[in-house]
Amino acid sequence: MVHRHAVTGRRVALTALGALVATGIPAAVAAEPTPAAGPLPTAAQTLGADRPSAPVLRAMERDLGLTPAQASRRLVNEAEAGTRAGRLRNALGDRFAGAWLRGTTSQELVVATTDAADVPAIKAQGAKASVVKKTLRDLRAAKEKLDAAAARVSTRETPLWYVDIPGNRVVVEAGSKAAAAAFVKAAGLDGKSVGVKVTANRPRLMEDLTGGDAYYIDGTARCSIGFSVTKGEQEGFASAGHCGKQGAKTTGHNKADQGTFQASTFPGKDMSWVAVTDPWKATPNVKGEGGQTVQVTGSVQALVGAAVCRSGSTTGWHCGTVEQHDTSVSYAEGKVDGLTQTTVCAEPGDSGGPYVSGVQAQGVTSGGTGDCKTGGTTFYQPVNPLLSEFGLTLKTAEAESPEPQGNAAPTWAAGRVYEAGVTVTHAGVRYQCLQTHQAQGPWVPAHTPALWQRV
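Residues numbered from 1 in each chain as written. Predicted model: local features only at pLDDT ≥ 70, side-chain atom pairs only at ≥ 80, totals over all residues. Heavy atoms only, no water.

Going by the annotation in an unreviewed UniProt entry, the name recorded for the chain is Serine protease, with Streptomyces qaidamensis given as the source organism.

Is there a simple way to think about the overall build of the chain in this case?
Per the secondary structure count, the chain includes seven helices and 28 strands. When each of the 455 residues of the chain is scored for burial, the buried share is 58%. Across the chain, contacts joining residues at least 24 apart in sequence account for 66% of those joining residues at least 6 apart. Total accessible area on the chain is roughly 17,200 Å²; 50% of this is exposed by carbon and sulfur atoms. (Helix = DSSP H or I, 4+ residues; strand = E, 2+ residues; numbered from the N terminus. Buried < 20%, exposed > 50% of the residue type's maximum accessible area, 1.4 Å probe, protein only. Contact = heavy atoms within 4.5 Å. Areas by Shrake-Rupley, 256 points an atom, 1.4 Å probe, with all protein chains shown as cover.)

Just to check I follow, could you spell out the packing of helix α2 (residues 54–64) against helix α3 (residues 68–92) for this structure?
Any two packed helices are characterised by the angle at which their axes cross and by the distance between the axes. Contact geometry of α2 with α3 gives a least axis separation of 9 Å together with a crossing angle of 110°. Between α2 and α3, the crossing angle belongs to the class labelled roughly perpendicular. For the pair α2 and α3, contact is made by Val 56, Leu 57, Met 60, Glu 61 and Leu 64 and by Pro 68, Ala 71, Ser 72, Arg 74 and Leu 75, respectively. (Axes fitted to C-alpha atoms, helices over the stretch in contact; angles between N-to-C directions. Parallel < 35°, antiparallel > 145°, perpendicular 65-115°, else oblique.)

Can you walk me through the pairing of strand β5 (residues 169–174) in this structure?
Counting buried positions along β5 yields five of six residues, so the element is predominantly enclosed. Here strand β4 (residues 160–164) hands over to β5 after four residues, with Asn 168 in that stretch at a positive phi of 50°. Of the strand pairs in this sheet, β5 and strand β6 (residues 194–198) are connected by five bridges, and their pairing is parallel. Looking at β6, one finds that Val 172 is bridged to Val 196. Note that the unit made of β5, helix α6 (residues 177–186) and β6 has a crossover that is right-handed. (Pairing = 2+ DSSP bridges. Right-handed = clockwise from strand over helix to strand, strands pointing away.)

Just checking my understanding: could you explain the state of the cysteines for this structure?
In protein chemistry, a disulfide is the covalent bond that joins the sulfur atoms of two cysteines. Following the criterion strictly, the structure yields three disulfides and no others. Through a disulfide, Cys 309 is tied to Cys 319; the S-S separation comes to 2.0 Å. The disulfide joining Cys 309 to Cys 319 has a torsion of about 95° about its S-S bond and is therefore right-handed. With Cys 309 in strand β17 (residues 307–312) and Cys 319 in strand β18 (residues 316–331), this pair connects stretches of sequence that are 10 residues apart. Neither Cys 309 nor Cys 319 differs from the other in exposure class; each is buried. Shown here is the disulfide that connects Cys 345 with Cys 372, its sulfur atoms set 2.0 Å apart. Across the S-S bond of Cys 345 and Cys 372 the torsion is about 100°, and the bridge reads as right-handed. Of the two residues, Cys 345 is situated in the loop between β19 (334–342) and β20 (354–357) and Cys 372 in the loop between β21 (360–371) and β22 (375–382); the sequence distance between them amounts to 27 residues. Residue classification places Cys 345 among the buried residues on the basis of a relative accessible area of 10%. (Disulfide = S-S within 2.5 Å.)

Would you mind showing me how to read the sheet that holds strand β3 (residues 128–131) here?
Consider a sheet: its strands pair through backbone hydrogen bonds, and that pairing is either parallel or antiparallel. Read across the sheet, three strands follow the order β1-β2-β3 without closing on themselves; strand pairing throughout is mixed. Of all strands in the sheet, those bounded by a partner on one side alone are β1 (96–102) and β3. Between one strand axis and the next, the sheet turns through 25° on average, direction left out of account. Relative to β3, strand β2 (residues 108–113) is paired through four bridges, and the arrangement is parallel. The partner of Val 110 across the bridge, within β3, is Lys 128. Across the face of the sheet, α3 comes into contact with β1 and β2 while running at roughly 15° to β2.

Looking at this structure, how should I read the UniProt feature "active site" (unreviewed entry) in the chain?
With numbering aligned to this structure, UniProt lists the feature "active site" (unreviewed entry) at His 242, Asp 270 and Ser 351. The greatest C-alpha distance among the residues just named is 10.3 Å, despite their covering 110 residues of sequence, which places them together in space. Mapping Asp 270 onto the fold places it in the loop between β13 (257–265) and β14 (271–276). The class of Asp 270 is buried, set by a relative accessible area of 0%. The contacts of Asp 270, once residues within four sequence positions are left out, are Leu 205, Ser 239, Ala 240, Gly 241, His 242, Thr 265, Val 336, Val 364, Ser 366 and Gln 381. Among the polar contacts listed, one links the side chain of Asp 270 to the backbone nitrogen of Gly 241, at a separation of 2.8 Å. Secondary-structure assignment places Ser 351 in the loop between β19 and β20. Ser 351 gets classed as buried once you look at its relative accessible area, which sits at 0%. (UniProt positions renumbered as here; feature names shortened; annotations may be inferred. Polar contact = N/O pair within 3.5 Å; in protein donor to acceptor, adjacent residues only side chain to side chain.)

Structure below.
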(Lines give C-alpha, C1' and ligand atoms only; values in the text may rest on other atoms or scores of the structure.)
Protein backbone atom coordinates (compact mmCIF):
# COMPACT_ATOMS: atom_id res chain seq x y z
CA MET A 1 0.00 0.00 0.00
CA VAL A 2 1.17 3.52 -0.70
CA HIS A 3 1.06 5.66 2.41
CA ARG A 4 -0.86 8.92 2.43
CA HIS A 5 1.21 12.05 2.09
CA ALA A 6 0.81 15.20 4.16
CA VAL A 7 -1.47 17.96 2.93
CA THR A 8 1.18 19.35 0.67
CA GLY A 9 1.67 19.02 -3.05
CA ARG A 10 1.68 21.03 -6.21
CA ARG A 11 -1.38 22.96 -7.34
CA VAL A 12 -3.46 21.22 -9.98
CA ALA A 13 -6.62 22.20 -11.83
CA LEU A 14 -9.88 20.28 -11.28
CA THR A 15 -10.63 18.01 -14.22
CA ALA A 16 -12.67 14.95 -14.88
CA LEU A 17 -10.77 11.80 -15.61
CA GLY A 18 -11.46 9.12 -18.16
CA ALA A 19 -10.18 6.00 -19.82
CA LEU A 20 -10.26 4.87 -23.43
CA VAL A 21 -10.99 1.40 -24.65
CA ALA A 22 -8.60 -0.17 -27.09
CA THR A 23 -9.33 -3.28 -28.95
CA GLY A 24 -8.83 -4.40 -32.41
CA ILE A 25 -7.25 -5.37 -35.66
CA PRO A 26 -7.64 -3.65 -39.01
CA ALA A 27 -10.46 -5.53 -40.74
CA ALA A 28 -13.84 -3.89 -40.27
CA VAL A 29 -16.92 -5.85 -39.29
CA ALA A 30 -19.74 -5.62 -41.77
CA ALA A 31 -22.43 -3.21 -40.67
CA GLU A 32 -26.08 -3.12 -41.68
CA PRO A 33 -26.50 0.07 -43.73
CA THR A 34 -29.23 2.54 -42.96
CA PRO A 35 -30.75 3.59 -46.27
CA ALA A 36 -31.45 7.17 -45.20
CA ALA A 37 -28.26 7.77 -43.26
CA GLY A 38 -25.70 5.81 -45.32
CA PRO A 39 -23.00 3.53 -43.89
CA LEU A 40 -22.84 3.17 -40.13
CA PRO A 41 -19.71 4.36 -38.31
CA THR A 42 -16.80 2.01 -37.80
CA ALA A 43 -15.78 0.94 -34.30
CA ALA A 44 -12.86 3.39 -34.40
CA GLN A 45 -15.21 6.23 -35.34
CA THR A 46 -17.76 5.31 -32.66
CA LEU A 47 -15.11 5.18 -29.92
CA GLY A 48 -13.13 8.20 -31.14
CA ALA A 49 -10.02 6.11 -31.78
CA ASP A 50 -9.60 7.71 -35.20
CA ARG A 51 -9.13 11.15 -33.65
CA PRO A 52 -6.85 10.66 -30.62
CA SER A 53 -5.59 13.61 -28.61
CA ALA A 54 -1.97 14.73 -28.78
CA PRO A 55 -1.27 13.95 -25.07
CA VAL A 56 -2.40 10.35 -25.52
CA LEU A 57 -0.25 9.85 -28.62
CA ARG A 58 2.85 11.47 -27.12
CA ALA A 59 2.66 9.35 -23.95
CA MET A 60 2.16 6.15 -25.97
CA GLU A 61 5.17 7.06 -28.11
CA ARG A 62 7.31 7.62 -25.01
CA ASP A 63 6.16 4.72 -22.82
CA LEU A 64 5.47 2.06 -25.47
CA GLY A 65 8.34 2.98 -27.82
CA LEU A 66 6.04 3.80 -30.75
CA THR A 67 6.28 6.19 -33.66
CA PRO A 68 3.40 8.69 -34.09
CA ALA A 69 2.00 6.56 -36.92
CA GLN A 70 2.23 3.37 -34.85
CA ALA A 71 0.47 4.97 -31.89
CA SER A 72 -2.40 6.15 -34.10
CA ARG A 73 -2.64 2.79 -35.83
CA ARG A 74 -2.66 0.93 -32.52
CA LEU A 75 -5.67 2.84 -31.21
CA VAL A 76 -7.65 2.17 -34.38
CA ASN A 77 -6.69 -1.52 -34.40
CA GLU A 78 -7.70 -1.91 -30.76
CA ALA A 79 -11.08 -0.29 -31.30
CA GLU A 80 -11.87 -2.51 -34.27
CA ALA A 81 -10.62 -5.66 -32.48
CA GLY A 82 -12.91 -5.07 -29.51
CA THR A 83 -15.96 -5.32 -31.74
CA ARG A 84 -14.60 -8.37 -33.53
CA ALA A 85 -13.87 -10.09 -30.23
CA GLY A 86 -17.39 -9.30 -29.00
CA ARG A 87 -18.98 -10.88 -32.06
CA LEU A 88 -16.87 -14.02 -31.62
CA ARG A 89 -17.69 -14.18 -27.90
CA ASN A 90 -21.38 -14.18 -28.75
CA ALA A 91 -20.95 -16.75 -31.55
CA LEU A 92 -18.82 -19.19 -29.53
CA GLY A 93 -20.96 -19.04 -26.42
CA ASP A 94 -19.75 -21.38 -23.66
CA ARG A 95 -16.77 -22.47 -25.78
CA PHE A 96 -15.27 -18.96 -25.65
CA ALA A 97 -12.00 -18.89 -23.68
CA GLY A 98 -11.02 -15.23 -23.95
CA ALA A 99 -9.42 -12.75 -26.35
CA TRP A 100 -6.26 -10.70 -26.31
CA LEU A 101 -4.09 -8.47 -28.50
CA ARG A 102 -0.53 -8.87 -29.73
CA GLY A 103 1.93 -6.87 -31.79
CA THR A 104 3.47 -3.40 -31.75
CA THR A 105 0.31 -1.85 -33.14
CA SER A 106 -2.09 -4.44 -31.66
CA GLN A 107 -2.42 -5.76 -35.19
CA GLU A 108 -3.15 -9.31 -34.08
CA LEU A 109 -6.31 -10.35 -32.24
CA VAL A 110 -6.20 -13.82 -30.73
CA VAL A 111 -9.46 -15.55 -29.75
CA ALA A 112 -9.42 -18.78 -27.77
CA THR A 113 -11.92 -21.64 -27.96
CA THR A 114 -12.14 -25.14 -26.54
CA ASP A 115 -13.37 -26.59 -29.85
CA ALA A 116 -11.10 -26.86 -32.90
CA ALA A 117 -14.19 -26.76 -35.11
CA ASP A 118 -14.45 -23.02 -34.29
CA VAL A 119 -11.11 -22.17 -35.91
CA PRO A 120 -12.53 -21.32 -39.39
CA ALA A 121 -15.12 -18.96 -37.90
CA ILE A 122 -12.45 -17.20 -35.84
CA LYS A 123 -10.15 -16.82 -38.84
CA ALA A 124 -13.07 -15.49 -40.90
CA GLN A 125 -13.22 -12.52 -38.51
CA GLY A 126 -9.56 -11.75 -39.19
CA ALA A 127 -8.39 -13.18 -35.86
CA LYS A 128 -5.91 -15.89 -34.94
CA ALA A 129 -7.43 -18.92 -33.24
CA SER A 130 -6.07 -20.61 -30.13
CA VAL A 131 -7.54 -23.97 -29.14
CA VAL A 132 -7.29 -24.48 -25.36
CA LYS A 133 -8.58 -26.85 -22.69
CA LYS A 134 -10.52 -24.53 -20.38
CA THR A 135 -13.32 -22.12 -21.16
CA LEU A 136 -13.38 -18.62 -19.73
CA ARG A 137 -16.27 -19.78 -17.54
CA ASP A 138 -14.06 -22.61 -16.17
CA LEU A 139 -11.25 -20.20 -15.37
CA ARG A 140 -13.54 -17.75 -13.64
CA ALA A 141 -15.08 -20.56 -11.59
CA ALA A 142 -11.59 -21.54 -10.39
CA LYS A 143 -10.79 -17.96 -9.46
CA GLU A 144 -14.06 -17.70 -7.55
CA LYS A 145 -12.88 -20.63 -5.40
CA LEU A 146 -9.71 -18.68 -4.61
CA ASP A 147 -11.85 -15.62 -3.80
CA ALA A 148 -13.92 -17.70 -1.39
CA ALA A 149 -10.81 -19.18 0.24
CA ALA A 150 -9.40 -15.68 0.75
CA ALA A 151 -12.33 -14.94 3.05
CA ARG A 152 -11.28 -17.83 5.31
CA VAL A 153 -7.48 -17.81 5.28
CA SER A 154 -4.73 -15.20 5.42
CA THR A 155 -3.50 -13.90 2.06
CA ARG A 156 -0.57 -11.97 3.46
CA GLU A 157 1.85 -14.22 1.57
CA THR A 158 -0.39 -14.63 -1.49
CA PRO A 159 -1.25 -11.01 -2.35
CA LEU A 160 -2.36 -11.53 -5.94
CA TRP A 161 -4.41 -14.00 -7.99
CA TYR A 162 -6.06 -13.68 -11.39
CA VAL A 163 -7.21 -15.31 -14.62
CA ASP A 164 -4.36 -15.38 -17.16
CA ILE A 165 -6.35 -15.49 -20.39
CA PRO A 166 -3.41 -15.94 -22.83
CA GLY A 167 -2.03 -18.69 -20.58
CA ASN A 168 -5.48 -20.33 -20.16
CA ARG A 169 -4.92 -20.71 -16.44
CA VAL A 170 -5.44 -19.16 -13.05
CA VAL A 171 -2.26 -17.70 -11.51
CA VAL A 172 -1.34 -17.07 -7.88
CA GLU A 173 1.54 -14.72 -7.07
CA ALA A 174 3.08 -15.47 -3.70
CA GLY A 175 6.13 -14.98 -1.53
CA SER A 176 6.91 -18.72 -1.71
CA LYS A 177 5.77 -21.89 -3.44
CA ALA A 178 4.64 -23.26 -0.09
CA ALA A 179 2.37 -20.26 0.55
CA ALA A 180 0.86 -20.58 -2.92
CA ALA A 181 0.31 -24.32 -2.48
CA ALA A 182 -1.45 -23.80 0.85
CA PHE A 183 -3.75 -21.15 -0.66
CA VAL A 184 -4.58 -23.34 -3.66
CA LYS A 185 -5.32 -26.29 -1.38
CA ALA A 186 -7.59 -24.14 0.81
CA ALA A 187 -9.53 -23.27 -2.33
CA GLY A 188 -10.01 -26.96 -3.15
CA LEU A 189 -8.15 -26.68 -6.46
CA ASP A 190 -5.70 -29.08 -8.07
CA GLY A 191 -2.23 -27.59 -7.68
CA LYS A 192 -1.29 -28.71 -11.19
CA SER A 193 -4.07 -26.57 -12.67
CA VAL A 194 -2.91 -23.29 -11.07
CA GLY A 195 0.16 -21.36 -12.14
CA VAL A 196 2.44 -20.01 -9.40
CA LYS A 197 4.72 -16.99 -9.63
CA VAL A 198 7.08 -16.43 -6.71
CA THR A 199 7.77 -12.73 -6.18
CA ALA A 200 8.84 -10.37 -3.43
CA ASN A 201 6.52 -7.64 -4.71
CA ARG A 202 3.75 -6.57 -2.36
CA PRO A 203 1.03 -4.37 -3.91
CA ARG A 204 0.20 -1.28 -1.85
CA LEU A 205 -2.45 1.39 -2.27
CA MET A 206 -1.52 4.52 -4.21
CA GLU A 207 -2.82 6.88 -1.54
CA ASP A 208 -2.29 10.63 -1.29
CA LEU A 209 -2.63 10.86 -5.03
CA THR A 210 -3.92 13.13 -7.69
CA GLY A 211 -5.43 11.52 -10.67
CA GLY A 212 -5.74 14.49 -12.91
CA ASP A 213 -6.14 17.01 -10.11
CA ALA A 214 -5.40 16.92 -6.44
CA TYR A 215 -8.06 16.99 -3.77
CA TYR A 216 -7.73 16.84 0.00
CA ILE A 217 -9.69 14.73 2.49
CA ASP A 218 -10.58 16.27 5.87
CA GLY A 219 -7.49 18.45 5.59
CA THR A 220 -5.12 15.55 6.29
CA ALA A 221 -4.63 13.49 3.12
CA ARG A 222 -4.42 14.03 -0.62
CA CYS A 223 -5.87 11.88 -3.44
CA SER A 224 -6.66 12.20 -7.13
CA ILE A 225 -9.84 13.00 -8.97
CA GLY A 226 -10.81 10.16 -11.25
CA PHE A 227 -13.70 10.92 -13.61
CA SER A 228 -16.47 13.51 -13.49
CA VAL A 229 -19.90 11.96 -12.92
CA THR A 230 -23.48 13.00 -12.34
CA LYS A 231 -26.37 11.54 -10.37
CA GLY A 232 -29.53 13.21 -11.49
CA GLU A 233 -28.76 16.94 -11.22
CA GLN A 234 -25.92 16.42 -8.74
CA GLU A 235 -22.40 16.75 -10.11
CA GLY A 236 -19.30 15.10 -8.66
CA PHE A 237 -16.36 12.81 -9.35
CA ALA A 238 -15.36 9.18 -8.94
CA SER A 239 -12.21 8.10 -7.11
CA ALA A 240 -10.74 5.26 -5.06
CA GLY A 241 -12.57 3.94 -2.00
CA HIS A 242 -9.46 3.92 0.17
CA CYS A 243 -9.14 7.69 -0.28
CA GLY A 244 -11.99 8.55 2.11
CA LYS A 245 -15.02 7.25 3.96
CA GLN A 246 -18.66 8.25 3.47
CA GLY A 247 -19.24 11.68 4.99
CA ALA A 248 -15.61 12.82 4.73
CA LYS A 249 -15.22 16.42 3.50
CA THR A 250 -13.02 17.39 0.57
CA THR A 251 -11.27 20.55 -0.56
CA GLY A 252 -9.94 21.21 -4.04
CA HIS A 253 -6.48 21.93 -5.37
CA ASN A 254 -6.88 25.51 -4.16
CA LYS A 255 -7.93 24.36 -0.67
CA ALA A 256 -11.43 25.78 -1.24
CA ASP A 257 -14.42 23.76 0.01
CA GLN A 258 -15.33 21.23 -2.61
CA GLY A 259 -17.66 18.41 -1.57
CA THR A 260 -18.50 15.32 0.49
CA PHE A 261 -17.98 11.58 -0.01
CA GLN A 262 -21.44 10.20 -0.78
CA ALA A 263 -20.39 6.54 -0.86
CA SER A 264 -17.16 4.64 -0.40
CA THR A 265 -16.34 0.93 -0.53
CA PHE A 266 -13.01 -0.51 0.63
CA PRO A 267 -11.87 -3.23 0.98
CA GLY A 268 -13.75 -5.71 -1.18
CA LYS A 269 -13.93 -3.04 -3.87
CA ASP A 270 -11.97 0.20 -4.17
CA MET A 271 -14.52 2.78 -5.31
CA SER A 272 -16.01 6.04 -4.11
CA TRP A 273 -17.71 9.17 -5.34
CA VAL A 274 -17.79 12.75 -4.11
CA ALA A 275 -20.68 15.19 -4.64
CA VAL A 276 -19.37 18.71 -5.25
CA THR A 277 -20.81 22.17 -4.60
CA ASP A 278 -20.55 25.39 -6.58
CA PRO A 279 -18.38 26.55 -8.24
CA TRP A 280 -17.05 23.08 -9.04
CA LYS A 281 -18.38 21.66 -12.31
CA ALA A 282 -18.19 18.25 -13.91
CA THR A 283 -16.30 18.12 -17.23
CA PRO A 284 -15.34 15.27 -19.59
CA ASN A 285 -11.65 16.19 -19.20
CA VAL A 286 -8.68 14.16 -18.00
CA LYS A 287 -5.41 15.94 -17.31
CA GLY A 288 -2.77 14.90 -19.82
CA GLU A 289 0.84 15.86 -20.30
CA GLY A 290 1.93 19.49 -20.17
CA GLY A 291 -1.43 20.69 -18.84
CA GLN A 292 -3.32 19.55 -21.94
CA THR A 293 -6.57 17.66 -21.53
CA VAL A 294 -8.07 14.48 -22.97
CA GLN A 295 -11.85 14.37 -23.32
CA VAL A 296 -13.53 11.03 -22.63
CA THR A 297 -16.47 9.97 -24.77
CA GLY A 298 -17.47 6.72 -23.06
CA SER A 299 -16.39 3.74 -20.96
CA VAL A 300 -15.98 0.82 -23.36
CA GLN A 301 -13.78 -1.77 -21.65
CA ALA A 302 -10.39 -2.44 -23.26
CA LEU A 303 -9.15 -5.93 -24.13
CA VAL A 304 -6.14 -7.58 -22.53
CA GLY A 305 -3.07 -6.29 -24.37
CA ALA A 306 -4.60 -2.90 -25.19
CA ALA A 307 -2.76 0.35 -24.49
CA VAL A 308 -3.90 2.35 -21.46
CA CYS A 309 -2.74 5.68 -20.02
CA ARG A 310 -2.95 7.05 -16.46
CA SER A 311 -3.00 10.55 -15.01
CA GLY A 312 -1.70 11.28 -11.53
CA SER A 313 -0.63 14.31 -9.52
CA THR A 314 2.63 12.74 -8.35
CA THR A 315 3.98 11.26 -11.57
CA GLY A 316 1.83 12.87 -14.27
CA TRP A 317 0.87 11.10 -17.48
CA HIS A 318 2.11 7.56 -18.22
CA CYS A 319 1.07 4.71 -20.48
CA GLY A 320 1.36 0.92 -20.60
CA THR A 321 -0.81 -2.07 -21.43
CA VAL A 322 -3.66 -4.02 -19.84
CA GLU A 323 -2.35 -7.33 -18.48
CA GLN A 324 -5.54 -8.91 -17.12
CA HIS A 325 -8.98 -8.11 -15.80
CA ASP A 326 -10.73 -9.48 -12.70
CA THR A 327 -7.60 -9.57 -10.55
CA SER A 328 -7.81 -10.07 -6.78
CA VAL A 329 -5.26 -8.18 -4.67
CA SER A 330 -4.62 -8.67 -0.97
CA TYR A 331 -3.36 -5.34 0.41
CA ALA A 332 -2.25 -5.01 4.01
CA GLU A 333 -5.55 -3.17 4.63
CA GLY A 334 -7.74 -5.86 3.05
CA LYS A 335 -8.58 -7.81 -0.09
CA VAL A 336 -10.00 -6.16 -3.22
CA ASP A 337 -11.57 -8.15 -6.07
CA GLY A 338 -12.29 -7.26 -9.69
CA LEU A 339 -9.27 -5.02 -10.31
CA THR A 340 -7.45 -4.70 -13.64
CA GLN A 341 -3.67 -5.15 -13.70
CA THR A 342 -1.51 -2.96 -15.98
CA THR A 343 2.13 -2.23 -16.79
CA VAL A 344 1.62 1.50 -16.18
CA CYS A 345 3.85 2.92 -13.44
CA ALA A 346 2.57 4.95 -10.46
CA GLU A 347 3.74 6.27 -7.11
CA PRO A 348 2.19 7.48 -3.84
CA GLY A 349 -0.12 10.37 -4.57
CA ASP A 350 -1.53 8.87 -7.78
CA SER A 351 -4.43 6.99 -6.07
CA GLY A 352 -7.89 7.63 -7.41
CA GLY A 353 -6.60 8.98 -10.72
CA PRO A 354 -8.03 8.02 -14.11
CA TYR A 355 -6.99 5.41 -16.67
CA VAL A 356 -8.03 5.93 -20.27
CA SER A 357 -7.69 3.85 -23.41
CA GLY A 358 -7.88 6.28 -26.27
CA VAL A 359 -10.85 8.38 -25.22
CA GLN A 360 -12.64 5.63 -23.31
CA ALA A 361 -12.61 5.73 -19.49
CA GLN A 362 -11.25 2.53 -17.92
CA GLY A 363 -10.89 2.93 -14.16
CA VAL A 364 -9.36 4.69 -11.14
CA THR A 365 -5.97 3.97 -9.58
CA SER A 366 -6.04 1.56 -6.67
CA GLY A 367 -2.48 0.40 -5.91
CA GLY A 368 0.61 -1.29 -7.24
CA THR A 369 4.30 -1.99 -6.92
CA GLY A 370 7.49 -0.30 -8.15
CA ASP A 371 7.78 3.31 -9.29
CA CYS A 372 8.12 5.43 -12.43
CA LYS A 373 11.94 5.37 -12.38
CA THR A 374 12.42 1.62 -12.50
CA GLY A 375 8.96 0.61 -13.70
CA GLY A 376 6.21 -1.24 -11.93
CA THR A 377 2.73 -2.73 -11.91
CA THR A 378 -0.52 -0.94 -11.09
CA PHE A 379 -4.11 -1.97 -10.51
CA TYR A 380 -7.23 0.03 -11.24
CA GLN A 381 -10.82 -0.27 -10.11
CA PRO A 382 -12.82 -0.57 -13.38
CA VAL A 383 -15.13 2.38 -13.86
CA ASN A 384 -18.21 0.54 -15.18
CA PRO A 385 -18.82 -1.42 -11.95
CA LEU A 386 -18.30 1.82 -10.03
CA LEU A 387 -20.89 3.64 -12.13
CA SER A 388 -23.35 0.77 -11.76
CA GLU A 389 -22.77 0.33 -8.00
CA PHE A 390 -23.49 3.96 -7.17
CA GLY A 391 -26.01 4.74 -9.96
CA LEU A 392 -23.75 7.33 -11.59
CA THR A 393 -23.45 8.60 -15.14
CA LEU A 394 -20.03 9.30 -16.62
CA LYS A 395 -19.60 12.87 -17.85
CA THR A 396 -18.61 12.60 -21.49
CA ALA A 397 -18.00 14.83 -24.49
CA GLU A 398 -20.72 14.96 -27.13
CA ALA A 399 -23.14 12.99 -24.96
CA GLU A 400 -26.84 13.70 -24.64
CA SER A 401 -28.52 13.85 -21.25
CA PRO A 402 -28.95 10.21 -20.21
CA GLU A 403 -31.92 8.63 -18.57
CA PRO A 404 -31.54 7.77 -14.88
CA GLN A 405 -29.63 4.54 -14.36
CA GLY A 406 -31.48 1.64 -12.84
CA ASN A 407 -31.31 -2.10 -12.73
CA ALA A 408 -30.85 -4.07 -15.92
CA ALA A 409 -33.94 -3.98 -18.13
CA PRO A 410 -34.83 -5.58 -21.48
CA THR A 411 -35.23 -2.18 -23.13
CA TRP A 412 -32.04 -0.26 -23.98
CA ALA A 413 -31.60 3.00 -22.08
CA ALA A 414 -28.86 5.60 -22.01
CA GLY A 415 -26.97 5.73 -18.74
CA ARG A 416 -27.12 2.01 -18.00
CA VAL A 417 -24.00 -0.14 -17.80
CA TYR A 418 -24.22 -3.14 -20.15
CA GLU A 419 -22.01 -6.22 -19.86
CA ALA A 420 -20.76 -8.01 -22.97
CA GLY A 421 -23.23 -10.72 -23.97
CA VAL A 422 -26.43 -9.24 -22.53
CA THR A 423 -29.46 -8.81 -24.79
CA VAL A 424 -31.71 -5.73 -25.03
CA THR A 425 -34.48 -4.45 -27.26
CA HIS A 426 -34.56 -1.08 -28.96
CA ALA A 427 -37.25 0.12 -31.36
CA GLY A 428 -38.67 -3.40 -31.36
CA VAL A 429 -35.38 -5.05 -32.41
CA ARG A 430 -33.20 -7.33 -30.24
CA TYR A 431 -29.46 -6.64 -29.91
CA GLN A 432 -26.63 -8.40 -28.07
CA CYS A 433 -23.86 -6.39 -26.41
CA LEU A 434 -20.35 -6.82 -27.84
CA GLN A 435 -18.26 -4.78 -25.36
CA THR A 436 -18.90 -3.79 -21.75
CA HIS A 437 -19.75 -0.06 -21.52
CA GLN A 438 -22.07 2.56 -20.09
CA ALA A 439 -24.57 3.58 -22.76
CA GLN A 440 -24.20 7.17 -23.91
CA GLY A 441 -27.15 9.08 -25.35
CA PRO A 442 -26.09 8.94 -29.02
CA TRP A 443 -25.01 5.28 -28.83
CA VAL A 444 -28.34 3.66 -29.73
CA PRO A 445 -27.83 0.01 -30.78
CA ALA A 446 -28.95 0.49 -34.36
CA HIS A 447 -26.23 3.09 -34.96
CA THR A 448 -23.34 1.49 -33.04
CA PRO A 449 -22.34 -1.83 -34.58
CA ALA A 450 -19.09 -1.47 -32.63
CA LEU A 451 -21.05 -2.11 -29.44
CA TRP A 452 -24.21 -4.01 -30.44
CA GLN A 453 -25.03 -6.93 -32.71
CA ARG A 454 -28.51 -7.45 -34.06
CA VAL A 455 -29.88 -10.89 -33.15
